[in-house]
Amino acid sequence: MSSCVETQINKETALNWQRAQRLVFIGEADVDIHYVELFHSSNHHTIVISPGRCESYEKYQEIAIELFHLGYNVFIVDHRGQGLSSRLLSNPHKGYVVAFDDYAKDLVTFISDKVKPKITNAPFLLAHSMGAAIAVRALQLSPNLVQSAVLCSPMIQINSGDMPIGLAKLIIKFRCLLDTLLAKESGYFINQGDYKAKSFAENELTHSTERYQSFINLYQSTPNIQLGGVTNHWLSEAVKANQKIFNDLCQLRAPLMLLQAGMDSIVDNDAQNQFCSEAARFCPISGPIVFAKAKHELLFEIDEIRSEVIHQIQSFFETSMSN
């Protein structure tokens, strides 16, 4: 699979994106979940994309069109509380979820009820960051959900930076307690707030100026998909989900490939390494495959990195087809 020339979403991509069908289903607790599909026919192979935190399916136009031109049906979901899906608090910028497994249950429902009835072959799953943690939990809840899955920079554990993770958990617990006592809804965690675009020089996501600027332009022109920082409760749920991932490794069945960004400052690479080591007892897993010079968003990196990322993804799915 070749990568598009590193550039802002061009007219051809935008034109092809117009053929995408935008739809809605009802997720857990009657929340509206939006998704998009690019569909050839029932007998084509299918890739479901599970985006990361803050992301909308609109951000995935380039990769969706690439995969579609390669002959795949493509389905992308907007997770609850972000993108075009229903927001869950009075301030729509707050990153929040009642229970992390609500994300996973939505994904199971999406694939089981909206994707699989339209196709002949079981789908593949391509997931990024928070979306990859959601994917792992979905595969633990429903082990036969997909043929195989690729996890890009998965949020196996949040990156607490210089702070020991144990101390970070105590601070999160304390702030959640304060919210319960003093606030009507969960507040932002320390140094978090409403959406505000960062300059390219400040970004921790990609080395690609063009792809980063496309993302910024998209969110500036489409305010209803903007999302700010995380709440105390969201972090608490993320910590619980990280623990569940390791507690339920024995539920994994589908072949997995984990792609790791060597310069990642968003998620914890050591936890990814541990996951690969421990999950190998229960399911076929390739990885971590490390891209030493990459930042967090492997699918939005410069072409030099991204083309190899996509080659690995394509090869893995092709191998899954033949097994």
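Here the structure is shown first, and the text comes after it.
Residues numbered from 1 in each chain as written. Predicted model: local features only at pLDDT ≥ 70, side-chain atom pairs only at ≥ 80, totals over all residues. Heavy atoms only, no water.

Visitor: Just to check I follow, could you spell out the state of the cysteines for this structure?
Guide: For the structure shown, the criterion picks out zero disulfides. In this structure Cys283 is a free cysteine whose sulfur lies 9.1 Å from that of Cys276, the closest cysteine sulfur available. (Disulfide = S-S within 2.5 Å.)

Visitor: Please explain the packing of aromatic side chains as it appears in this structure.
Guide: Any two aromatic rings considered together are summarised by their centre-to-centre distance and by the angle between their planes. One pass over the full model with this rule turns up 15 aromatic pairs. Aromatic pair Phe75 and Phe110: ring centres 6.4 Å apart, planes at 65 degrees, arrangement edge-to-face. Placement of Phe75 in strand β4 (residues 73–77) and of Phe110 in helix α3 (residues 100–115) is noted, with a sequence separation of 35 residues between them. By relative accessible area, Phe75 is classed as buried at 0%. Among the aromatic residues, those joined into a cluster by ring pairs are Phe25, Tyr35, Phe39, Phe75 and Phe110. Over the aromatic face of Trp234 sits the side chain of Arg53, whose NZ or CZ is 5.8 Å from the ring centroid. (Phe/Tyr/Trp six-rings, centres within 6.5 Å; stacked < 30°, edge-to-face > 60°. Helix = DSSP H or I, 4+ residues; strand = E, 2+ residues; numbered from the N terminus. Buried < 20%, exposed > 50% of the residue type's maximum accessible area, 1.4 Å probe, protein only. Lys NZ or Arg CZ within 6 Å of the ring centre and 35° of its normal.)

Visitor: Help me understand the environment of Lys198, please; the structure alone is not making it clear to me.
Guide: Summarising the element assignment, Lys198 is placed in the loop between α5 (165–182) and α6 (209–221). By relative accessible area, which is 45% here, Lys198 ends up partly exposed. Separated by 138 residues in sequence, Lys198 and Tyr60 have C-alpha atoms that sit 19 Å apart. Those residues in contact with Lys198 that sit more than four places away from it in its chain are Glu204, Tyr212 and Ile216. (Contact = heavy atoms within 4.5 Å.)

Visitor: Looking at this structure, I do not really get the sheet that holds strand β2 (residues 32–38). What am I missing?
Guide: One open sheet holds the eight strands; their spatial order is β1-β2-β4-β3-β5-β6-β7-β8, and the pairing between them is mixed. At either margin of the open sheet sits one strand with a lone partner, and together these are β1 (21–26) and β8 (285–291). Neighbouring strand axes in the sheet, compared pairwise and without regard to direction, differ in orientation by 20 degrees on average. As judged from the four bridges shared by strand β3 (residues 46–50) and strand β5 (residues 124–128), these two strands associate in the parallel manner. Following the sheet pairing, Ser50 is matched in β5 by Ala127. The sheet strands contacting helix α8 (residues 269–279) are β6 (149–152), β7 (256–261) and β8, and the helix crosses β7 at an angle near 160 degrees. (Pairing = 2+ DSSP bridges. Axes fitted to C-alpha atoms, helices over the stretch in contact; angles between N-to-C directions.)

Visitor: How should the pattern of salt bridges be read in this particular structure?
Guide: Taken as a whole and judged by the stated rule, the model has 15 salt bridges. Glu58 is the salt-bridge partner of Arg22, the closest N and O atoms lying 3.3 Å from each other. Separated by 36 residues along the polypeptide, Arg22 in strand β1 and Glu58 in the loop between β3 and α2 (61–69) bring together distant segments of the chain. Ionic pairing is found between Lys59 and Glu55, a salt bridge with its closest N-O pair at 2.8 Å. Residues joined in a network through salt bridges with shared partners are Glu62, Glu66, Arg211, Asp303 and Arg306. (Salt bridge = Lys/Arg side-chain N within 4 Å of Asp/Glu carboxyl O.)

Visitor: Help me understand a nonpolar patch on the surface in this model?
Guide: Side chains of Phe174, Leu177, Leu178, Leu181 and Leu182 sit close together on the surface and give an oily, nonpolar patch of about 540 Å² of accessible area. Looking at the secondary structure, you find Leu177 in helix α5. Residue classification places Leu177 among the partly exposed residues on the basis of a relative accessible area of 46%. (Patch = residues over 30% accessible without salt bridge, like charges linked within 9 Å, V, L, I, M, F, W, Y side chains within 5 Å. Areas by Shrake-Rupley, 256 points an atom, 1.4 Å probe, with all protein chains shown as cover.)

Visitor: Would you take a moment to explain the packing of helix α4 (residues 130–141) against helix α7 (residues 232–247) for this structure?
Guide: Helices that pack against each other are described as a pair by the angle of their axes relative to one another and the distance between those axes. Where α4 meets α7, the closest approach of the two axes is 10 Å, and the angle between their N-to-C directions is 50 degrees. Viewed along their axes, α4 and α7 adopt a mutual orientation that is oblique. Note on packing geometry: the crossing formed by α4 with α7 is left-handed. On the side of α4, the interface is formed by Met130, Ala133, Val136, Arg137 and Gln140, while α7 contributes Trp234, Ala241, Lys244 and Ile245. (Parallel < 35°, antiparallel > 145°, perpendicular 65-115°, else oblique. Left-handed = near helix turned anticlockwise from the far one by under 90°.)

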